[in-house]
Amino acid sequence: MQEFSFGQLSFLAGELVLALSVGELLLIGIFVSKYGASIVRYASIAVLLIFAFSGFILNGTGSAFNGAFISDDFSHYVKALIGVTAAITLWFSRDWLKRENLDQYEYSILMIFAVLGMGIMVSSGNLLTMYVGLEMQALALYVMAAFNRDSLRASEAGLKYFVLGALSSGMLLYGMSLIYGFTGTLSFAQIAIVLSGQESVNMGIVAGLVFMLAGLAFKISAAPFHMWTPDVYEGAPTPVTAFFAGAPKLAALALITRLITGPFGEISQSWVQVLVVLAVMSMIIGAFGALMQTNIKRLMGYSSIANMGYALVALAAGGIAGVSGMLIFMSIYLVTVVGVFAAIMQMRTRDGALEGIADLAGLSKSNLPLSLVMTALMFSLAGIPFFMGFFGKWFALTPAFEAGLTWLVVVALLASVVGAFYYLRIIKTIWFDDQAHTFVKAPRSLTLISSASALLLFPILLLPFVTAPARALIEAAAASLF
Amino acid sequence: MFVEMLPAIAFYILAATAVGMAFMVIASRNPVHSVVFLIGTFLASAGLFVLMGAEFLALLLIMVYVGAVAVLFMFVVMMLDVDFVEMKQGFLQYLPIGGVVACILLAEMILVGAASLVNPGAGVKFAEDGTSNIEAIGNVLYTEYAFFFEAVGLILLLAMVGAIVLTLRKRDGVKTQNISEQIARTREGGVELVDIKPGEGIGS
Amino acid sequence: MTDGLQFIAFSTVNSVSSGTQLSAPLSTQSAFLLEYLPVVMLFAIGLVISLAFLVMAKIFAPSSPDAEKISTYECGFNSFDDSRMKFDVRFYLVAILFIIFDIEVAFLFPWAVSIDKIGVYGWAVVMIFLFELAVGLAYAWKKGALDWE
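These remarks concern the structure in this document. These figures come from a predicted structure and were not determined experimentally.

**Brief notes about the overall build of chain B**
Part 1: Helix and strand counts for chain B come out as nine helices and zero strands.
Part 2: Per-residue burial over chain B gives 35% buried out of 204 residues.
Part 3: Excluding contacts between residues fewer than 6 apart, the proportion of contacts in chain B whose partners are at least 24 apart in sequence is 55%.
Part 4: Of the accessible surface of chain B, which amounts to about 12,400 Å², a share of 69% is contributed by carbon and sulfur atoms.

See below:
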């Protein structure tokens, strides 16, 4: 047993900050009655940003608690993305929550809990750490989905998410217990040692691995475990959906990456097939499911299913190239999706928020800036060349092509052609249809975020200055896993 | 001879009870009965834990699951306004799909079981000295597993916050007694002396 | 009996459960299980007595039911409602808070047994854990979740 030392706590400094502040903010929220919600919100944003950059600032690489908690370049990079996305989502949910009479400080608390869980997930070096982190973020997300408890749709979304999430946790746990039973250890490093000593892979370990991947596929909403996604995206409050679409997906993908590069790196033949099947089904179901949607949040749900498929293609390729391809793709996807939801939340008339695609009709005539932003975002999601989305797909698919998965790349390209159709349909609705509504003036936070995200998607603006260091960061993050 | 067979007999009785009760949970018509069968499943599982020598976990299972979780389930069942006939139809309707899934899981479990016969894994370790079960857990839970223990504490806190956020609502028009306010009442706050002028009365 | 103790001492956290039935020595396990014989006897006696009452009532009691006799009796009136009614959601909140503190207490049992072995570190770990839940208690209390109104 490794002796406890305070030094190892520096590896989980970000998580410690979150855990300490969550207790304090809960008490501040309950005892400060007047501006409690605002104080807690801004404090939470600050804490989330501290969490995001703590990894880079302290830059400690190592592991704490007998290897249960890993801190490396990969975890720093992923946590930075998660923390920043969560902080931004929390910031722009303010106005929406106020208008829907939901402005309670518990929202911020739940967000911190979710991010804390994701941080633990991303850093997990042990089956138990992984499960504890996953459950923490999942529990917080279930409650956030049903946060608007007087709305029937939100309650249904929360319940659906909870039941299916509990099922997936059960599968994950079953897989983990099989792995534990057949290897006799919980630690990722030990599992890798046990597996490298075996000449043939035990059936029980393969079954365990498949169950674990199935459980995690639920969390990233990869088909065939995607059923909850459209309903939850539609039913949950829009800022919550914006949060769902980004950070939790990245956290679960990071966890899958850790599993397939760490403990199960030796037995890639057992998981490549699974990832390929998940990727193909996700891309196809995501592309075709979205075609008939009329609600833009549902459409984004299917879009996220398809995008998880592309990320899985990169992971299926494996190696440093595959992991960094996944990270590049997900970074660009996160920027896009935050912008898209900031734009969706601006769709509000005097009577309330709108979610139909048809409600966007003729937006170019009433609100030119929003239409330009939306167009840029949709072009990027569709992967039109020279938007960032194009490069995201490029970096996600190239490693797979080089790894000899040519047919998988072909499927991905076909799926993105189908996908381009419905993104372009939204653009057509915005620019060429008759005007349906005039939206009320959106709060500054939303316009700022959506414009910033749209601007970031023009690579010409930042090609040499930002992308080179960012790529170096991502390559270092991916290399730290191997 | 019989004594030698005892663990095997106990195992098969308990395992059969657990599986049978679990089946009755989904097969019984009345959800309240389902909860009772669920309690039976928990008890049989606790027996299996005892059989494996994990007495503390067995008693914990009874304390937490039978004592609290089953009660919670009962409340939830009582809270729902369920039409039992309708629910029964749903069960039969999904039986084929559920059956297929169950068969796949069963096949996988058999495969895994067969694999464990070929390669029996790491096996059971015995503690060398006479430490009892609960002490063995205590020795590692708060030291080696401290990180998980604290994380579980946070999850419990989160569960508390979540349950309160989702279910607690203030009702309007409820008359409540505020004892501290009553006791803190003074003569100045409670008695008002009004000088009533003749012929005018109080107020308007 | 020392063999039995050996088996009890099997530590669940460090070990692997697969193959228990096959790998544990049978005689040890039997000796261990014999310690549970009184419990089994208690269950058996309880089962026999309760079944005896049911069976004897079935055999000896006169029974000629008709529709009026077995219908729900409510002070001479026909029953107004189904006996099942919707519970208030507040029961659920009470139950879930109970579970949380129940688990908290359950975590204290092993601590109480092994506090002399785990030292200040183990003590501090549990104190942090209790503090986490104390924050929750303060929150629930102030929020009014413990009041019934």
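And the narrative resumes.
**With respect to the overall build of chain A**
Part 1: A tally of regular secondary structure across chain A gives 19 helices and four strands.
Part 2: By the compact-globule yardstick of 23 Å for 482 residues, chain A fits well, its C-alpha radius of gyration being 21 Å.
Part 3: Taking the principal axes of its C-alpha atoms as reference, chain A extends roughly 65 × 60 × 45 Å.
Part 4: Evaluated residue by residue, chain A yields a buried proportion of 64% over its 482 residues.
Part 5: Once local pairs closer than 6 in sequence are excluded, the contacts in chain A between residues at least 24 apart make up 81%.
Part 6: On chain A, roughly 16,700 Å² of surface is accessible, and the fraction owed to carbon and sulfur atoms is 68%.
Part 7: The average position of the 23 basic charges and that of the 23 acidic charges among the side chains of chain A differ by 10 Å.

**Side note on helix α7 (residues 188-197) of chain A**
All names here are of chain A.
Part 1: Of the residues making up α7, those classed as buried are F188, I191, A192 and L195. Angularly, the buried residues of α7 cover 100° about the axis, an arc narrow enough to put them on a single face. Facing away from the buried side of α7 by more than 90 degrees, the exposed set consists of I193 and G197.
Part 2: Along its buried surface, α7 packs onto α5 (127-145), α6 (152-183), α8 (203-219) and α10 (238-261).

**Some thoughts on the packing of aromatic side chains**
Two aromatic rings, taken as a pair, are described by how far apart their centres are and by the angle between their planes.
Part 1: Under the defined criterion, the tally for this structure stands at 25 aromatic pairs over all chains.
Part 2: Both rings, one in Y142 of chain A and one in F162 of chain A, keep their centres 5.2 Å apart while their planes meet at 85°; by these two values the pair is edge-to-face. Within this pair, whereas Y142 of chain A is found in helix α5, its partner F162 of chain A is found in helix α6, the two being separated by 20 residues in sequence.
Part 3: Note on Y142 of chain A: relative accessible area 7%, which makes it buried.
Part 4: Taking 5.3 Å as the distance between ring centres and 40° as the angle between the ring planes, the aromatic pair formed by F218 of chain A and F225 of chain A counts as tilted.
Part 5: Residue classification places F218 of chain A among the buried positions, given a relative accessible area of 4%.
Part 6: Through a chain of ring-to-ring contacts, the aromatic side chains of F65 and F69 of chain A together with Y145, F147 and F148 of chain B assemble into a single cluster.

**A closer look at the nonpolar core**
For soluble globular proteins, the rule of thumb is that nonpolar side chains tend to be buried together.
Part 1: In terms of nonpolar packing, the biggest core is built from 232 residues, with M130, F243, F264 and M330 of chain A touching the most fellow members.
Part 2: The contacts of M130 of chain A, once residues within four sequence positions are left out, are M121, S124, L172, M176, F188, M212, L216, L255 and L259 of chain A.
Part 3: Core analysis: the second largest hydrophobic core is formed by eight residues, A46, V50, A58 and L61 of chain B among them.

**Brief notes about the environment of R169 of chain B**
Part 1: Its location among the elements puts R169 of chain B in the loop between α7 (146-167) and α8 (179-183).
Part 2: At a separation of 3.1 Å, a polar atom in the side chain of R169 of chain B contacts the side chain of D150 of chain A.

So, how was this worked out
- Residues numbered from 1 in each chain as written.
- Chains lettered and ligands numbered in written order.
- Predicted model: local features only at pLDDT ≥ 70, side-chain atom pairs only at ≥ 80, totals over all residues.
- Heavy atoms only, no water.
- Helix = DSSP H or I, 4+ residues; strand = E, 2+ residues; numbered from the N terminus.
- Buried < 20%, exposed > 50% of the residue type's maximum accessible area, 1.4 Å probe, protein only.
- Contact = heavy atoms within 4.5 Å.
- Areas by Shrake-Rupley, 256 points an atom, 1.4 Å probe, with all protein chains shown as cover.
- Rg over C-alpha atoms; globule rule 2.2 N^0.38 Å.
- Lys, Arg positive; Asp, Glu negative; His and termini not counted.
- Charge placed at Lys NZ, Arg CZ, Asp CG, Glu CD.
- Arc of directions from axis to C-beta.
- Phe/Tyr/Trp six-rings, centres within 6.5 Å; stacked < 30°, edge-to-face > 60°.
- Core = buried A, V, L, I, M, F, W, Y, C linked by side-chain atoms within 4.5 Å.
- Polar contact = N/O pair within 3.5 Å; in protein donor to acceptor, adjacent residues only side chain to side chain.

Scope: geometric values only; no functional claims are made or implied.
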